[in-house]
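Analysis of the macromolecular model
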Amino acid sequence: MDTQQLKQAIMEEKKRKGVLILAHTYQDPDILEIADIVGDSYALSKAAQNVPQNKVLMCGVRFMAETVKILSPEKEVLLSHADAGCPMAEQLDPAEVRRYRETHPDHAVCAYVNTTAQLKALADVCVTSSSAVEIVARVPQEDILFIPDKNLGAYVQAMLPQKRIHLMDGCCPVHNAITPQMIEQARRAHPGAKVAIHPECPYEAVRLADVAGSTKEILDFIHGSGDAVIIATERGVYDALVRQYPNRALYQLEPELLTCHDMKKTTLQGVYDALTGKGGQTIELDGQLLSAARGSIENMLRYGGR
Ligand code: 13P
Ligand code: SF4
């Protein structure tokens with residue numbers, strides 16, 4: 001089947017089987033086209049809670065499918081490509097966090113939503129990239145272990161000097177590749193352009209940007225302004241925006257470095273195979289693990305998180 005035939009076949013199959021297709025913004029534009037809902041990981045899992053379909057297919061990485069399952073345990077959740085993991089989410093050993101909790105009983109543990117279910121289950125509260133500062137500010141403890149992203153943790157520390165943020169050695173290898181020199185060079189190449197950056201990038205680069213925010217916040221900034229913008233996050237954001245605004249001055253910073261190869265493992269053929277029972281993987285989580293992980297997400301909502 002060619003691309004158009006595959007898209008047509010996917011649309012028919014998902015309708016016939018009553019499957020909702022979710023896609024993270026970092027997916028290829030072809031995947032975004034066949035999705036029912038596009039967004040960041042937390043927005044997708046929230047949206048899946050309120051749909052009539054009992055089957056959900058996630059085009060993204062494993063922790064995203066797990067988060068959907070944690071929030072909608074009664075649904076059948078499929079990950080479209082079984083090998084699509086997130087190196088950051090899977091980087092930390094839960095035993096290390098367990099040891100930290102034992103030796104620092106008065107510290108709170110905050111987990112970025114980009115973590116495995118095991119790590120979420122060990123945390124007191126989850127945060128997203130758009131809610132991290134707000135949630136950490138509201139956690140009563142002054143000492144906070146922030147996992148797994150040392151860069152987002154450093155950003156939170158810079159925004160909240162009243163807190164003591166403790167970090168472990170984890171990060172997103174894609175965003176972590178960005179340096180302050182790359183930002184300075186891009187500004188020289190595109191004078192007057194604003195820089196929008198994801199806080200998963202190192203703080204030395206983030207502090208040079210005009211806007212720091214999650215995928216959604218970067219998109220909102222670009223939708224809401226007519227400025228020329230240098231985009232310093234995974235290139236899927238840029239790829240989607242140039243289709244929408246072919247005449248805007250938008251520039252992708254370091255397109256090769258800012259490509260998440262795990263996110264790009266999803267293909268139309270893979271989606272079709274998952275829908276027809278020849279591929280993908282059903283997410284199974286042990287009941288105890290699921291309810292402990294859910295507790296840290298519910299605490300995020302309690303603290304007012306988005
Ligand atoms: P958000 O889309 O939640 O900002 O996260 C970025 C990311 O790296 C997703 O894997
Ligand atoms: Fe993980 Fe980074 Fe890829 Fe997001 S961009 S899925 S955090 S490796």
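Here, every reference points to the structure presented above.
Residues numbered from 1 in each chain as written. Chains lettered and ligands numbered in written order. Predicted model: local features only at pLDDT ≥ 70, side-chain atom pairs only at ≥ 80, totals over all residues. Heavy atoms only, no water.

1. Some details on helix H13 (residues 268-275)
Of all 8 residues in H13, 6 are buried; the element is thus mostly enclosed. Leu268, Gly270, Val271, Tyr272, Ala274 and Leu275 are the residues of H13 that are buried. The inward-facing, buried residues of H13 abut helix H1 (3-17), strand E1 (19-24), helix H2 (29-34), strand E3 (55-59) and strand E4 (76-79). Gly277 sits one or two residues past H13 and shows a positive phi near 75°. (Buried < 20%, exposed > 50% of the residue type's maximum accessible area, 1.4 Å probe, protein only. Helix = DSSP H or I, 4+ residues; strand = E, 2+ residues; numbered from the N terminus. Contact = heavy atoms within 4.5 Å.)

2. Observations regarding the pattern of salt bridges
A full pass over the atoms with the stated rule returns 18 salt bridges. In this structure, Glu33 and Arg243 form a salt bridge, with 3.6 Å as the shortest nitrogen-oxygen distance. Of the two residues, Glu33 is situated in helix H2 and Arg243 in helix H12 (residues 236-244); the sequence distance between them amounts to 210 residues. Owing to a relative accessible area of 46%, Glu33 belongs among the partly exposed residues under this scheme. We classify Arg243 as exposed; its relative accessible area is 53%. What emerges from the salt-bridge pattern is a single network uniting Lys7, Asp30, Glu33 and Arg243. (Salt bridge = Lys/Arg side-chain N within 4 Å of Asp/Glu carboxyl O.)

3. So, the packing of H1 against H13
Close contact between H1 and H13 brings their axes to 10 Å; oriented N to C, the two are set at 25°. With respect to their mutual orientation, H1 and H13 come out roughly parallel. For the element pair H1 and H13, the recorded crossing hand is left-handed. Listed contacts from H13 to Thr3, Leu6, Lys7, Ala9, Ile10, Glu13, Lys14 and Lys17 of H1 are Leu268, Gln269, Val271, Tyr272 and Leu275. In terms of residue class, the contact of H1 with H13 is built from 7 nonpolar, 2 polar and 4 charged. (Axes fitted to C-alpha atoms, helices over the stretch in contact; angles between N-to-C directions. Parallel < 35°, antiparallel > 145°, perpendicular 65-115°, else oblique. Left-handed = near helix turned anticlockwise from the far one by under 90°. Nonpolar A, V, L, I, M, F, W, Y, C, P; charged D, E, K, R; others polar.)

4. Digging into the site of ligand 1
As a structural note, the neighbourhood of ligand 1 is formed by 13 residues, with His24, Ser129, His198, Glu200 and Thr215 the closest of them. At 2.8 Å, a side-chain N or O of His198 approaches an oxygen atom of ligand 1. At 3.1 Å from an oxygen atom of ligand 1 is found a side-chain nitrogen or oxygen belonging to Glu200. When ligand 1 sits alone it has 300 Å² of accessible area, and the protein chains cover 95% of it. Looking at the shell around ligand 1 residue by residue, the classes come out as 4 nonpolar, 7 polar and 2 charged. (Near = heavy atom within 4 Å. Polar contact = N/O pair within 3.5 Å; in protein donor to acceptor, adjacent residues only side chain to side chain. Areas by Shrake-Rupley, 256 points an atom, 1.4 Å probe, with all protein chains shown as cover.)

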